[in-house]
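# Chain and residue survey
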Amino acid sequence: MGLRILVFGADSMVGSHFVAASPADWDISTAGRTDPRHDGLRVASFDRLDLSDRGATMSFLDRSSSDVWVNFAARTDVDGCERERQPEGTPDNRLDSPGSAWNVNGLFPGWAAARASSSGRFLVHVSTDYVFDGTRGPYSEEDEPSGLTPLVSWYGYTKGVGERNASGYGSTVCIVRIAHPYRARFPKKLDFARAIIKQQSSGTLPRYYQDQTITPSWIPDVTDALQLLIHRRHGGTVHVGSPEPTSPWEFASTLLRELGLDAASAAPGTFRDGAKDPGRAPRPERGGLALSAIDRLGVHPRSFREGIHELVDALRDEGHPTSAAPPP
Ligand SMILES: NC(=O)c1ccc[n+]([C@@H]2O[C@H](COP(=O)([O-])OP(=O)(O)OC[C@H]3O[C@@H](n4cnc5c(N)ncnc54)[C@H](OP(=O)(O)O)[C@@H]3O)[C@@H](O)[C@H]2O)c1
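Before going into details, it helps to say that this report is about the structure given with it. Model, not experiment: these values are computed from the prediction.

A tally of helices and strands in the chain yields twelve helices and nine strands. Against the 2.2 N^0.38 benchmark of 20 Å for 328 residues, the chain shows a C-alpha radius of gyration of 19 Å, consistent with a compact globule. Across its three principal axes, the chain shows a C-alpha extent of roughly 55 × 45 × 35 Å. Buried residues in the chain amount to 45% of all 328 residues. Summarising the internal contacts of the chain: among those between residues at least 6 apart in sequence, 75% fall at separations of at least 24.

See below:
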């Protein structure tokens, strides 16, 4: 029999690609709030579980018969999470609440890592470059997540807390950071790239920043990396993203050009102007991820240009309406 894998957040934008592309001999079970089978994903089982509930989660983990646990689950609405923001040092009992970013992003990874360690499982936990304050990215795998400062969102801070809580278990845990993930198809949620296409078609493109550093992760590369890390049970911290940093404006212009659309419709803006938007949580200005561990393992994630090329090819294969002629 192949590996038995338990996936949290199987219906997520990144996790559903991992599940759909998993090797045929993997036995995938899932747990969470939403049954991924409703999205057409083929999994062996689904258990309803709120990952912010410590008692229910611990008892579920104790019953798990899977060899590997993979966690995509998170509160990912960066501006929504910001409304839960509390000062650093607020006592845990005041932060602990059902469905909160604190519990799902911060506490759950620690619960899972502790149980994985005591029961001989391997845990892969997906995280983000938003754990960094964005003053000097792209960040290396050795850089420590920042504390809570005005530059770090509550989302990023709670994800950093989750990383810290899942750390210290040696090769039991692999933390995989990704950044601005994008894929060709995921009807439930727009990613960075598909948002640009939609905004262009509706004439609502905002100004994309030309002075922000990002390293977008092509989701099929994330899936490939996760499969390798699972096969090798590679512990530690691993970054997966574009080896060539870019800016949102360069990414948007390149994507529109590749689609055969008017690249000039993406007008450049500045990060500092956008940061003034009311209700907007802080984002890393010089963010992104520098890759070294994944290269050493022989996997080379696509640059943002190559990822865009793959994306546009996949959209054309699906008959996506663009003004682009097929390549000669
Ligand atoms: N999207 C990005 O831009 C980005 C960037 C960098 C890193 N990441 C990381 O990549 C991972 C996947 O992100 P994504 O954008 O693919 O996620 P997503 O589509 O927003 O999905 C989030 C997942 O978390 C689950 N979840 C949230 N709260 C839960 C709870 N209390 N109990 C059980 N499940 C809960 C959701 O379940 P329901 O469907 O039931 O709500 C859903 O499956 C996350 O760890 C995220 O931090 C994402």
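Here we take up the sheet that holds strand β2 (residues 27-32). In a beta sheet, neighbouring strands pair by backbone hydrogen bonds and run either parallel or antiparallel. Strand order across the open sheet formed by seven strands is β3-β2-β1-β4-β5-β6-β8, with parallel pairing between neighbours. Each of the sheet's edge strands pairs with one partner strand only, and the pair in question is β3 (45-48) and β8 (236-240). Pairwise comparison of adjacent strand axes, ignoring direction, gives a mean angle of 20 degrees for this sheet. Of the pairings in the sheet, the one linking strand β1 (residues 4-8) to strand β4 (residues 68-71) comprises four bridges and is parallel in character.

Around the ligand, the surrounding shell holds 27 residues, and the nearest of these are S12, M13, R33, T34 and T128. Mapped onto the shell around the ligand, the elements with two or more residues apiece are α1 (13-20) and β5 (122-128). When residues of the shell around the ligand are assigned to their parent elements, the largest contribution, three residues, is made by α1. Considered class by class, the residues forming the shell around the ligand number eleven nonpolar, ten polar and six charged.

Time to look at the nonpolar core. Counting residues in hydrophobic clusters, the biggest one holds 82 residues, and the most contacted among them are V7, V70, L123, V124, V176 and L226. If sequence neighbours within four positions are ignored, L226 has contacts with F18, V70, V124 and V176.

With that settled, the discussion passes to the pairing of strand β6 (residues 173-178). For β6, the buried fraction is high: six of the six residues fall into the buried class. Burial of the side chains of β6 extends over both faces: V173, I175 and R177 are buried on one face and C174, V176 and I178 on the other. Two strands pair when backbone bridges link them, and β5 and β6 are joined in this way by six bridges, in the parallel orientation. Across the sheet, V126 pairs through a bridge with V176, a residue of β6. Regarding the hand of the β-α-β motif, the stretch spanning β5, helix α6 (residues 154-166) and β6 is right-handed. With five bridges joining them, β6 and β8 adopt parallel strand pairing. Its bridge partner lying in β8, R177 is registered against H239.

Next up on the list: helix α5 (residues 101-119). For α5, which comprises 19 residues, the first-to-last C-alpha distance of 26 Å matches the rise-based estimate of 27 Å (1.5 Å per residue) to within 8%. The sharpest bend along α5 comes to roughly 40 degrees, located at L107, with the proline P109 sitting one to four residues further on. Looking one or two residues beyond α5, the residue adopting positive phi is G120, at roughly 75 degrees.

Mapping K198 onto the fold places it in helix α7 (residues 192-202). Along the primary structure K198 and P216 are separated by 18 residues, whereas in three dimensions their C-alpha atoms are 18 Å apart.

Let us look at the packing of α1 against helix α8 (residues 219-232). The geometry of a pair of packed helices is captured by two quantities: the angle between their axes and the separation between those axes. The interhelical angle for the contact between α1 and α8, taken along N-to-C directions, is 60 degrees, at an axis separation of 9 Å. With respect to their mutual orientation, α1 and α8 come out oblique. In this structure, α1 meets α8 at a crossing whose hand is right-handed. The segment α1 lies against α8, with V14, H17 and F18 engaging I219, P220, V222, T223 and L226. In the contact of α1 with α8, the residues fall into six nonpolar, two polar and no charged.

Residue pairs three or four apart in sequence face the same way in an α-helix, which turns once every 3.6 residues. Here α8 is 14 residues long and its end C-alpha atoms lie 20 Å apart, about the 20 Å a rise of 1.5 Å per residue gives. I219, D221, V222, T223, A225, L226, L229 and I230 are the residues of α8 that are buried. Of the surrounding elements, those touching the buried residues of α8 are α1, β4, β5, β6, β8 and α11 (293-296). Of the residues trailing α8, R233 is marked for its positive phi of about 45 degrees.

Parameters and conventions
- Residues numbered from 1 in each chain as written.
- Predicted model: local features only at pLDDT ≥ 70, side-chain atom pairs only at ≥ 80, totals over all residues.
- Helix = DSSP H or I, 4+ residues; strand = E, 2+ residues; numbered from the N terminus.
- Rg over C-alpha atoms; globule rule 2.2 N^0.38 Å.
- Buried ≥ 20, exposed ≤ 12 C-beta atoms within 10 Å, placed from the backbone.
- Contact = placed C-beta atoms within 7 Å.
- Pairing = 2+ DSSP bridges.
- Axes fitted to C-alpha atoms, helices over the stretch in contact; angles between N-to-C directions.
- Near = placed C-beta within 6 Å.
- Nonpolar A, V, L, I, M, F, W, Y, C, P; charged D, E, K, R; others polar.
- Core = buried A, V, L, I, M, F, W, Y, C linked by C-beta atoms within 7 Å.
- Right-handed = clockwise from strand over helix to strand, strands pointing away.
- Expected span 1.5 Å × (residues − 1).
- Bend = angle between axes of the 7 residues up to and from the residue.
- Parallel < 35°, antiparallel > 145°, perpendicular 65-115°, else oblique.
- Left-handed = near helix turned anticlockwise from the far one by under 90°.

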